[in-house]
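# Chains, contacts and geometry: an overview
Take a look at the letters that make up each chain.
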Amino acid sequence: MIRLVVADDQSILRSGLVALLRLEPDLEVVGEAADGASTLATVAEHSPDVLLLDVQMPAGTRADGTPGPSDGIALAQELHELQAAQEAQAQAQGAGQEGTTGPEVRASGSESRASGPESRASGPESRAQPRIIVLTTFGRAGYLRRTMEAGAQGFMVKDTPVERLVDAIRRVDQGLRVVDPELAAQSLSVGASPLTTKETEALQGAAAGGSTAKIAATLFLSEGTVRNHISSAIGKLGVANRAEAVRAASDNGWI
């Protein structure tokens, strides 16, 4: 049985998708979420095998009062980094055990790491993160590139036929990658974002309606530096002003 969490802020769409997925005999929806913070909490609670994740969701608020990930790609990146940290910790613990107890411990440790889904339920310390399929209404090539760089295993548009999505879930659960073929072709033609990290963050702030002063405060930069980053982005994108830069970067999925 493949255990799923479905994260999408559009409740009608999410409920319909959940109902369709529950018709499949080998799929079990164990949780739903409507924003970034609640998605992380639901994943931590249920340890799903696969997470179906919307690109554009509100951040929400974590239990400690801080905002959740800004969108689905940032959430995928956070889970990817958490997985890497858990693997590093497990390797360090394995090395320590090997140094004190010998080869027998190394063998038993390998068995526990390779034991599959059962190891997900063995507790927060050893829990693997889910494989991720990102779903989007917007078929933008830049989203695909950013999604894969964030550690997701699949990228599909929301109007994909449900039977194709179900097949993608099964393939991703087996460790394969699944990408919408049209977006894959577009991604090759569009290429990587020409923007630096700070230019991207400045345009993201502008896209959210932030003034130069607000963007500067959020990024801990001076207003002059923010203006320089936005001006540089305008030049790289070959547009005339901030609004056109935001539109061009958004259309390509770079912000």
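Residues numbered from 1 in each chain as written. Predicted model: local features only at pLDDT ≥ 70, side-chain atom pairs only at ≥ 80, totals over all residues. Heavy atoms only, no water.

Here we take up helix α11 (residues 242–251). Buried residues of α11: A245, V246, A248, A249 and S250, and no others. Tucked into the core, α11 has its buried residues touching α8 (197–207) and α10 (223–237). Near the N-terminus of α11, the side chain that reaches the backbone nitrogen of A243, with its oxygen 3.2 Å away, is that of N241. One or two residues past the end of α11 sits G253, with phi positive at roughly 75°. (Buried < 20%, exposed > 50% of the residue type's maximum accessible area, 1.4 Å probe, protein only. Helix = DSSP H or I, 4+ residues; strand = E, 2+ residues; numbered from the N terminus. Contact = heavy atoms within 4.5 Å. Polar contact = N/O pair within 3.5 Å; in protein donor to acceptor, adjacent residues only side chain to side chain.)

With that settled, the discussion passes to the sheet that holds strand β5 (residues 154–157). One open sheet holds the six strands; their spatial order is β2-β1-β3-β4-β5-β6, and the pairing between them is parallel. Two strands bound the open sheet, and with one partner strand each, they are β2 (27–33) and β6 (178–179). Here strand β3 (residues 50–54) runs beside strand β4 (residues 131–136); their pairing, made up of five bridges, is parallel. Residue L51 lies in a different strand from β4, and its bridge partner there is I132. (Pairing = 2+ DSSP bridges.)

All right, on to the nonpolar core then. Counting 21 residues, the largest nonpolar core has L51, L53, L75, L79, I132 and V134 as its most contacted members. Of all the elements in the fold, those that place two or more residues in this core are β1 (2–7), β2, α2 (36–46), β3, α3 (72–101), β4 and α5 (141–149). Beyond its immediate sequence surroundings of up to four residues, I132 is in contact with L51, L53, A76, L79, A152, Q153 and G154. Membership of the second largest hydrophobic core comes to 19 residues, among which are L27, V50, L52 and A168. (Core = buried A, V, L, I, M, F, W, Y, C linked by side-chain atoms within 4.5 Å.)

Another aspect to go through is the confidence of the model for the protein. For residues with low pLDDT, the predicted coordinates do not support detailed interpretation. Residues at a pLDDT of 70 or more form 82% of the protein, whose mean pLDDT is 83. Predicted confidence for residues 103–127 stays below pLDDT 50, and this span has 18 contacts to residues more than four positions away or in other chains. (pLDDT = per-residue confidence, 0-100.)

Our next topic: the pattern of salt bridges. One pass over the structure, following the stated rule, counts nine salt bridges. K158 serves as the salt-bridge partner of D54, at 3.1 Å between the closest nitrogen and oxygen. With D54 in strand β3 and K158 in the loop between β5 and α6 (162–173), this pair connects stretches of sequence that are 104 residues apart. Residue class for K158 comes out partly exposed when judged on its relative accessible area of 23%. (Salt bridge = Lys/Arg side-chain N within 4 Å of Asp/Glu carboxyl O.)

This paragraph deals with the side chain of D54. Classification of D54 as buried rests on a relative accessible area of 4%. Engagement of the side chain of D54 in a polar contact is seen with the side chain of K158, the distance being 3.1 Å. Setting aside anything within four residues of it in sequence, one finds D54 in contact with A7, D8, D9, G72, L135, T136 and K158.

Right, let's talk about the environment of P58 for a bit. Checked against the element boundaries, P58 lands in the loop between β3 and α3. The partly exposed category is assigned to P58, whose relative accessible area is 43%. Filtering out sequence-adjacent residues up to four positions away, P58 remains in contact with D9, A34, D35, G36 and P69.

On to the pairing of β2, then. With five of seven residues buried, β2 is to be regarded as a mostly interior element. Pairing of β1 with β2, which is carried by six bridges, proceeds in the parallel orientation. Residue pairing in the sheet places V6 in a bridge with E32 of β2.

Mapped onto the secondary structure, V179 falls in strand β6. A relative accessible area of 30% places V179 in the partly exposed class. In the structure, V179 is positioned 35 residues away from L144 in sequence and 8.2 Å away in space, judged by C-alpha atoms.

Looking now at the packing of helix α9 (residues 212–219) against α10. Interaxial distance between α9 and α10 falls to 8 Å at its minimum, and their mutual angle equals 100°. Taken together, the axis directions place α9 and α10 in an arrangement best described as roughly perpendicular. Here T212, A213, I215 and A216 of α9 lie close against α10, whose contacting residues are E223, V226 and R227. (Axes fitted to C-alpha atoms, helices over the stretch in contact; angles between N-to-C directions. Parallel < 35°, antiparallel > 145°, perpendicular 65-115°, else oblique.)

Mapped onto the elements of the fold, T212 is located in helix α9. A polar contact is formed between the side chain of T212 and the side chain of R242, at a distance of 2.8 Å. With residues near it in sequence (within four places) discarded, T212 still touches E223, V226, R227 and R242.

Here the focus is the packing of α10 against α11. Remark: α10 packs on α11, axes separated minimally by 9 Å, with the N-to-C direction vectors making an angle of 60°. In terms of orientation, α10 lies oblique with respect to α11. Relative to α11, the crossing made by α10 is left-handed. Residues I230, I234 and L237 of α10 touch α11, and the partners they reach there are R242, A245, A248 and A249. (Left-handed = near helix turned anticlockwise from the far one by under 90°.)

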